[in-house]
Every structure is written in C-alpha cells, then in structure tokens.
Amino acid sequence: MRFAFYGRVSTEDNQDPEASRNWQLARARGLIEAAGHAIVSEYFDIGTSRSLPWKRRPRAADLLAALRNPRRGFDGVVIGEPQRAFYGNQFGLTFPLFEHFGVQLWIPEVGGAVDPGSDAHDLVMSLYGGMSKGERNRIKIRVRSAMAAQAATEGRFLGGRPPYGYQLADAGPHPNPSKAADGRRLHRLEPDPLTAPVVARIYREYLAGSGIYAIAEGLTRDGIPSPSAADPRRNPHRHSNAWAKSAVRVILTNPRYTGRQVWNRQRKAEILIDIEDVALGHETKMRWNPAREWIYSSALVHEPLVDDDTFEQVQTQLAAGARRPGVKSKPRASKRGYTLSGLLFCGLCDRRMVGSYNNNRNHYRCTYAAEYADANSIAHPRSLYVREDKIIEQVDPWISRAFRPANLQATLQAIADAQHNDAEQQRIAVAREKLAIIQTKLDRYRAALEAGTDPALVQQWTTQVQAEKATIEAELRQLTGRRTMTPAEIQTVVEALSGIANVLRTADPAD
C-alpha cells in the first residue's frame, strides 16, 4: 500500500520542527514498513495549535482535500503521534471522512489500521484526544501559575512592550540554565529620559482639573510624540503623531507607573467562531481581566513615575467621571439643539441614541454593527432613526396622564425606583439572596455544633462562610449606601412646580 504521512508541531514552546518531524516520521515508518508498505507523500503542519480543527490547519486541510481526489496517489494515511494530530473530539469529526472515501488510517497505538467497527479502537482514539486536550490544559495551567508567581514574588518583567515612559534595561543572565546557555537575558523597566516626564505631566494636569481630551490636545499642540510615534519600531501598525484620548486614559490607568510589576491585566480568550457550527473551533481574542484578578509584585521592582497616593487619587477621579470636583469641561459646540438629547434609548439594544439632522428635521439615531447584532442575536438595523417631532407631540399628553391624581403615586414610585438602574437592582437582589443562603448555612453549622460535630471543623466552615458574608455585605453597602430621594420627597418637588406639563410648555427650550 501507498501511504501519506501526517504530523504536526507547535513552535510555541521552541520545539525544533525538523527534529519533531523526523521522530514522528520514524514512528510512522516503523509501523507500515514492517508490513511492506511505503510513504509516498507528506503533510506536516508547523506552528499550528492542536486545538485547531483539521480544516483550519493548512496541511491537514490539504490532506482532507486530497481524500476527495480519486487520483490522490495513496491508499492510506499514517500518523506517528495521535496526541499531536487529534485534540478533544476531533477524531470523531474527522475519521468518518476517511471511512467515506475508503482511505485507511493507521496509528501505532492500535498496531495498524483503525477499525471503524471496533469499539475498542474508537475508545482508544477518544482517549488520546482527551489526553491531548488534558496535556494542553496542564501546560497552560503550569505556565500561568509560574508567571503569576514570578510576577508576584520576583517582580520579573515577563515580556511585551514597555509602557510609555519606560525603556528596557538588561537585568542579567536568565535564571534558567538552558536559556542562559542560549544567551537569553532578563530585562527590567527603567525610566525613559524623554518620555517619563510626559507621564508625570499627564498625571499632574489631570489632578489639576484638565480633562483627558484637553490633555491630549495640549500634548499634540506642544509637539510631543504620541506613544506610537515615540517608539515606531514596537508600534509598526500605527502611524499617528497626534495623541488620542485612549492613549491618555491607558497611561492614567496603568498601575505599573507606581513601580510595581503587574501581570494578568489581559488574557487570551477562546471564542467560538460560529455558534451554529461548533466543529469550526475557536479563535483567540484578547480580553481585559477584572482588576481584582491582576497580579501585583509584593515590592517595588522599578523606579516609579508616580507615587501610590497620586495614582489612587487619579483612579478615584476617573471613576467619578465628569462629576469630579474642579474639572474643566470643554464646552461642546453644537449647531443644533436636540430637545431630548441624552434621554432616548434604543428599544432593541438599550443603548443611548444620539442626535442626527436629516432631511431638514431633527432625528435620533442608533447605529449597531451587523456582526455585533448577529453575535447577540438582536434583529437590529445597521442604522435606526426616529423623528424628534413624532416623539415631542406625544410628550405632553404622556406627562399629563402620568401626573394625574389617579396615577400620581405610581409615577412617584417609578421615579424613586429608577434611581437604581436595572443592573443595580438585580445585583442588590442577588446579594440579598446570597446573604439569606449564608445565614441558612450558619444556622446549620450551629445545629451541627450542638449535635456534637468536631468544633474545629465547624470553626473552619464558619470562618469561610463569614469571610464570604463580609464581602457580600460590603458590596451591598456600596450599592445601597448612596443618597436617594423617597417618593414623598419627590412629591414635594412635583407639587412645588404645580403642573409639570404647563411648566414644560412655557419653559425655555435651552433649559
């Protein structure tokens, strides 16, 4: 028989493609040449992850295409290492094609051809797919755990572009002997004499009351190169000398400027390419992790550009947004006034609508990219418009109905409830439900203690649950602690205005 050989090697862990190909090919030849067969063609993927399905691996896809060709030139396919070829359930998705086109699949672990009618062979191949997936997961866990420990305890710089304001400096030979023998060295961050003063200026101006947009404009006006222009070698995909608001915000929110190493701010998330066709596999996208999952070094490991107090003040003011004290807001020039500006939300996606002037009339518009609509299963047009005059003519009658004596109490209660948005209300309800469950657990632990359970064990349970309770109570206080108006207080304001519809009808539109 004539055979095609398939193998795969990943270069993520510095494997030698040629050495990997040679030993996989040797195993394959040892299996088929003993029976007098020969390999006549090779399909070998280099630098592809095992998690990719066959149709997304270049050489594996070529092999699947060759199966369909009656003049393919081979009668069977031999694989030297099944754990490198199949991942998870890939064997079950791929082998039926071999069976359909009459091409045998030979694996060393079954001693020859895979028998499509053998439950044992199917079980063995499923086992190797699971082992392959488990091996990849174990490697991922080991690497991430090691990197977290290196960042937290050693404060080691773990690669990537240095933040704006820093440059890389040599930190000695690599502690891993094999990597040190290859000439690999550690690096650390040190202030860049040209850009470090710019970082200090950004923090100083923001605390003085300048907004992010004003800071960006000032830096551009003064001819200071933006991060991409200051280091074009590391930012070849960007060609802008002007400062963007996003660049200023990234600098203001980066905790590495306090002198500590920070790791795990982002992660690689595997997202299904098509939720209707899971066999297509995943694609990798970068996602931001919550701040509580970031790993900080326990000590200062490089020279800080801002102190901890300054950084915390900036984070507090960023959280407050435009409501922060002393902010210098830049007035927004608008050629037209929109009566309901900021008040309208799209009924399909719940996002705020923006003013738009079309066909000599004021409109409100909501734009939603088609790929986002498909991903969230929302039947949303790419652009949705509604005329302002069609809404305005309904406002006064609606207000009159809402503030009639028969409807007044329900309206006041609705206004009071709206002081917490739906997401906050849901979080409050979830927190209170968790507290109720925790109280039930504590009652059970008390009963178990009275029934003679080991006090040390009960104390351990109680300590864990009390810690969880304290966390939830703190979150609940944060959600419910801000000052809100009661329905009675709102009614006092409404009665003082005496006739909302008349007030609005005679008011200056600018107000």
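Scroll up for the structure.
Residues numbered from 1 in each chain as written. Predicted model: local features only at pLDDT ≥ 70, side-chain atom pairs only at ≥ 80, totals over all residues. Heavy atoms only, no water.

A. Expanded view of the overall build of the protein. When its secondary structure is counted, the protein shows 18 helices and 14 strands. A compact globule built from 511 residues would reach a C-alpha radius of gyration of about 24 Å, whereas the protein, at 32 Å, exceeds it by more than 25%. Each principal axis of the C-alpha distribution contributes one length, and for the protein these read about 100 × 75 × 60 Å. Looking at the protein as a whole, 34% of its 511 residues qualify as buried. For the protein, the accessible area works out to roughly 31,100 Å², and carbon and sulfur atoms hold 52% of it. (Helix = DSSP H or I, 4+ residues; strand = E, 2+ residues; numbered from the N terminus. Rg over C-alpha atoms; globule rule 2.2 N^0.38 Å. Buried < 20%, exposed > 50% of the residue type's maximum accessible area, 1.4 Å probe, protein only. Areas by Shrake-Rupley, 256 points an atom, 1.4 Å probe, with all protein chains shown as cover.)

B. Layout of the pairing of strand β13 (residues 361–367). Sheet analysis places strand β12 (residues 354–358) next to β13, joined by five bridges and oriented antiparallel. Each residue of the ladder has a partner; that of Asn358, found in β13, is Arg361. When β13 meets strand β14 (residues 383–387), the two strands line up antiparallel, connected through five bridges. Within the sheet, the bridge partner assigned to Cys366 lies in β14 and is Leu384. (Pairing = 2+ DSSP bridges.)

C. Quick look at the environment of Ile32. Among the secondary structure elements, Ile32 is positioned in helix α1 (residues 17–32). Between the C-alpha atom of Ile32 and that of Pro108, which follows or precedes it by 76 residues, the distance is 9.1 Å. Sequence-distant contacts of Ile32, that is, excluding residues within four places in its chain, are made with Phe3, His37, Ala38, Ile39, Val78 and Trp106. (Contact = heavy atoms within 4.5 Å.)

D. Molecular detail of a positive patch on the surface. A cluster of like positive charges, contributed by Lys140, Arg144, Arg267 and Arg287, occupies part of the molecular surface. With respect to the helices, strands and loops of the structure, Lys140 is situated in helix α5 (residues 119–154). Taking the relative accessible area as the measure of exposure, Lys140 reaches 39% and is therefore partly exposed. (Patch = residues over 30% accessible without salt bridge, like charges linked within 9 Å, V, L, I, M, F, W, Y side chains within 5 Å. Salt bridge = Lys/Arg side-chain N within 4 Å of Asp/Glu carboxyl O. Lys, Arg positive; Asp, Glu negative; His and termini not counted. Charge placed at Lys NZ, Arg CZ, Asp CG, Glu CD.)

E. Quick peek at the packing of helix α7 (residues 196–207) against helix α8 (residues 212–221). At their nearest, the axes of α7 and α8 sit 10 Å apart, and the two run at 140° to each other. Accordingly, the angle class assigned to the pair α7 and α8 is oblique. For α7 against α8, the interelement crossing comes out right-handed. Along the contact surface, α7 presents Val198, Arg201, Ile202, Glu205 and Tyr206, while α8 presents Ile212, Ile215, Gly218 and Leu219. Considered class by class, the residues forming the contact of α7 with α8 number six nonpolar, one polar and two charged. (Axes fitted to C-alpha atoms, helices over the stretch in contact; angles between N-to-C directions. Parallel < 35°, antiparallel > 145°, perpendicular 65-115°, else oblique. Left-handed = near helix turned anticlockwise from the far one by under 90°. Nonpolar A, V, L, I, M, F, W, Y, C, P; charged D, E, K, R; others polar.)

F. Local environment of helix α4 (residues 90–100). Residues of α4 that are buried: Gln90, Phe91, Thr94, Phe95 and Phe98. Viewed end-on, α4 has its buried residues packed into an arc of 105°, placing them on one side of the element. When the buried face of α4 is taken as reference, the exposed residues oriented beyond 90 degrees from it are Gly92 and His100. Elements that come into contact with the buried residues of α4 comprise α2 (58–67), β3 (76–79), α3 (82–85), β4 (104–107) and α5. After α4 finishes, the residue Gly102 shows a positive phi value of roughly 70°. (Arc of directions from axis to C-beta.)

G. Up close: the packing of helix α14 (residues 408–417) against helix α17 (residues 487–497). At a minimum axis distance of 9 Å, the contact between α14 and α17 shows a crossing angle of 115°. It follows that α14 is roughly perpendicular to α17 by the angle criterion. For the element pair α14 and α17, the recorded crossing hand is right-handed. Along its contact with α14, which presents Leu408, Gln409, Leu412, Gln413, Ile415 and Ala416, the element α17 presents Pro487, Ile490, Gln491 and Val494.

H. Molecular detail of the side chain of Glu81. Inspection of the secondary structure puts Glu81 in the loop between β3 and α3. Setting aside its immediate chain neighbours within four residues, Glu81 contacts Trp23, Gln24 and Arg27.

I. Structural view of the sheet that holds β14. The strand order β12-β13-β14 describes an open sheet built from three strands, whose pairing is antiparallel. The sheet is open, and its two edges are formed by β12 and β14, each paired on a single side. Pairwise comparison of adjacent strand axes, ignoring direction, gives a mean angle of 40° for this sheet. Helix α13 (residues 388–402) rests against β13 and β14 of the sheet, and its axis sits at about 50° to β14.

J. View of unusual backbone geometry. Notably, Asn264 is not glycine yet its phi reads approximately 75°, a positive angle. In this model, Asp350 sits at a positive phi of 65°, which is unusual for a non-glycine residue. Looking at the element boundaries, Asp350 is found in the loop between α11 (308–320) and β12.

K. How the structure looks around the sheet that holds strand β2 (residues 38–46). Reading across the sheet, the five strands line up as β2-β1-β3-β4-β5 and stay open at both edges, with mixed pairing between neighbours. Of all strands in the sheet, those bounded by a partner on one side alone are β2 and β5 (112–113). With three bridges connecting them, β3 and β4 associate as parallel partners. Bridge pairing links Gly76 to Gln104 in β4. Strands in contact with α2 are β1 (2–9), β2 and β3; relative to β2, the strand with the most contacts, it is inclined by about 140°.

L. Representation of the environment of Ile438 within the structure. Along the polypeptide, Ile438 turns up in helix α15 (residues 422–450). In sequence terms Ile438 and Asp350 are 88 residues apart; their C-alpha atoms lie 34 Å from each other. With residues up to four places along the chain from it excluded, the contact list for Ile438 reads Val465, Glu468, Lys469 and Ile472.

M. How the structure looks around the packing of aromatic side chains. One pass over the full model with this rule turns up 13 aromatic pairs. On the numbers, 5.3 Å between centres and 85° between planes, the contact of Tyr164 with Trp243 is edge-to-face. One end of the pair, Tyr164, is in the loop between α5 and β6 (166–173); the other, Trp243, is in the loop between α9 (227–230) and α10 (245–252), with 79 residues separating them in the sequence. Taken as a pair, Tyr164 and Trp243 share a single burial class, namely buried. Ring centres of Tyr338 and Tyr364 lie 6.0 Å apart, and the angle between their planes is 65°; this geometry places the pair in the edge-to-face category. Taken together, the residues Tyr338 in the loop between α11 and β12 and Tyr364 in strand β13 connect sequence positions 26 residues apart. Each residue in the set Tyr6, Trp54, Phe86, Phe91, Phe95 and Phe98 is aromatic and connected to the rest through ring pairs, giving one cluster. We note Arg265 situated over the ring of Trp294; from NZ or CZ to the ring centre the distance is 4.9 Å. (Phe/Tyr/Trp six-rings, centres within 6.5 Å; stacked < 30°, edge-to-face > 60°. Lys NZ or Arg CZ within 6 Å of the ring centre and 35° of its normal.)

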